[in-house]
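Close look at the chain arrangement
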Amino acid sequence: LGANIHSSVSGIVKEINDIAIVIEAFDEQSKDFIPIKETEDYLEAIKEAGIVGSGGAGFPAHVKFKADLGGGYFIANASECEPLLAHNITYLEQNPEVIIRGIKYLMKITNAKIGYIAIKVKNLKAIKSINKVLKPEDNISVKILPDMYPAGDERVIVREIIGVELKPGELPSVANAVISNIETIKNVTLAIEQRKPVIDKDLTVVGRVKNAREGKVFFDVPIGYSVKKFIEEAGGYVEPHGEIVLGGPFTGKHGEETSPIVKTLGGIIVS
């Protein structure tokens with residue numbers, strides 16, 4: 001159940017230990033990336049790119065998407081359930097066509113007949129952006145979720161969107177469905193179309209930060225950079241400040257300034 005890893009920087013490998021490959025980055029960095037190998041197999045491209053569930057679970061995407069739904073449902077989870085976080089919705093507002101193309105790729109991979117985008121009604125701007133690019137032949141439609149926590153839980157989505165009540169421990173596959181969050185779908189599109197590996201992350205910085213009291217979104221943050229760098233990019237601390245929380249306010253965990261950006265990190269909250 002592993003996933004490929006790719007360096008976000010050019011540099012010298014200084015250390016390899018149980019939790020990290022430590023790279024001393026060169027001062028000059030190219031904006032180009034080393035593409036994954038050429039392949040016409042979408043699932044192989046997903047595997048080569050090292051895509052995992054970006055919403056926090058981190059499950060290898062090539063394993064999850066190796067499913068034959070036989071005409072079932074592919075659901076894009078656009079709930080962005082954790083309060084304060086906004087990077088998924090912001091990306092969807094600005095780049096709906098990337099996500100639509102990704103859903104279509106994943107419907108083909110999983111042999112799904114119907115695509116849904118599960119989103120809260122309060123995200124009206126994103127809904128309008130989606131509807132502008134959707135076409136009837138896409139067989140993809142917007143489905144509204146209640147504005148509650150945890151609307152983004154897979155069991156809640158299956159119940160609200162498909163009308164199936166999963167038993168404890170059951171996966172969406174029981175309801176003939178596969179669910180994936182917005183950033184994961186974005187990464188699928190980039191892997192297939194640009195042969196781009198997962199080397200960066202979208203995230204929200206929020207809390208007692210000078211220019212991020214209401215939240216500041218960063219796109220394409222290099223994996224491995226420190227949390228402190230993006231607190232500083234957002235204006236630095238509002239003093240006094242408390243704990244750094246990595247993730248959302250409900251499911252986040254304690255972090256340090258030196259904690260690295262990883263594939264599953266969505267939020268940096270300064271309390």
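First things first, this report covers the structure right here in the doc. (Residues numbered from 1 in each chain as written. Predicted model: local features only at pLDDT ≥ 70, side-chain atom pairs only at ≥ 80, totals over all residues. Heavy atoms only, no water.)

**Notes on the packing of helix α3 (residues 87–94) against helix α7 (residues 182–194)**
For the pair α3 and α7, interaxial distance at closest approach is 9 Å and the crossing angle is 50°. Viewed along their axes, α3 and α7 adopt a mutual orientation that is oblique. Here α3 contributes H87, N88, Y91 and L92 to the contact with α7, which in turn contributes I182, E183 and K186. Considering only residue class, the contact of α3 with α7 consists of three nonpolar, two polar and two charged. (Axes fitted to C-alpha atoms, helices over the stretch in contact; angles between N-to-C directions. Helix = DSSP H or I, 4+ residues; strand = E, 2+ residues; numbered from the N terminus. Parallel < 35°, antiparallel > 145°, perpendicular 65-115°, else oblique. Contact = heavy atoms within 4.5 Å. Nonpolar A, V, L, I, M, F, W, Y, C, P; charged D, E, K, R; others polar.)

**Quick look at α7**
Here α7 contains 13 residues, and its C-alpha end-to-end distance of 18 Å stays within 8% of the 18 Å for a straight helix at 1.5 Å per residue. Within α7, 11 of the 13 residues are buried, leaving the element largely enclosed by the surrounding structure. Just beyond α7, the residue with positive phi is R195, at close to 55°. (Expected span 1.5 Å × (residues − 1). Buried < 20%, exposed > 50% of the residue type's maximum accessible area, 1.4 Å probe, protein only.)

**Focus on the packing of aromatic side chains**
Summed over all chains, the structure comprises seven aromatic pairs. A ring pair is formed by F218 and F230, whose centres lie 5.6 Å apart and whose planes are at 70°; its orientation type is edge-to-face. In this pair, F218 sits in strand β8 (residues 216–222) while F230 sits in helix α8 (residues 227–233), placing the two residues 12 residues apart along the sequence. In this structure an aromatic cluster arises from ring pairing among F218, Y225 and F230. Geometry around F218 places K216 over its ring, the cationic atom sitting 5.5 Å from the centre. (Phe/Tyr/Trp six-rings, centres within 6.5 Å; stacked < 30°, edge-to-face > 60°. Lys NZ or Arg CZ within 6 Å of the ring centre and 35° of its normal.)

**Some details on α3**
Most of α3 is tucked away, with six of its eight residues classed as buried. Three or more residues of α3 are buried, namely H87, N88, I89, T90, Y91 and L92.

**Here's the deal with the pairing of strand β4 (residues 112–120)**
Of all nine residues in β4, seven are buried; the element is thus mostly enclosed. Relative to β4, strand β3 (residues 72–77) runs parallel, the two sharing six bridges. What sits directly across from F74, in β4, is G115. Across six bridges, the pairing between β4 and strand β5 (residues 140–145) is parallel. (Pairing = 2+ DSSP bridges.)

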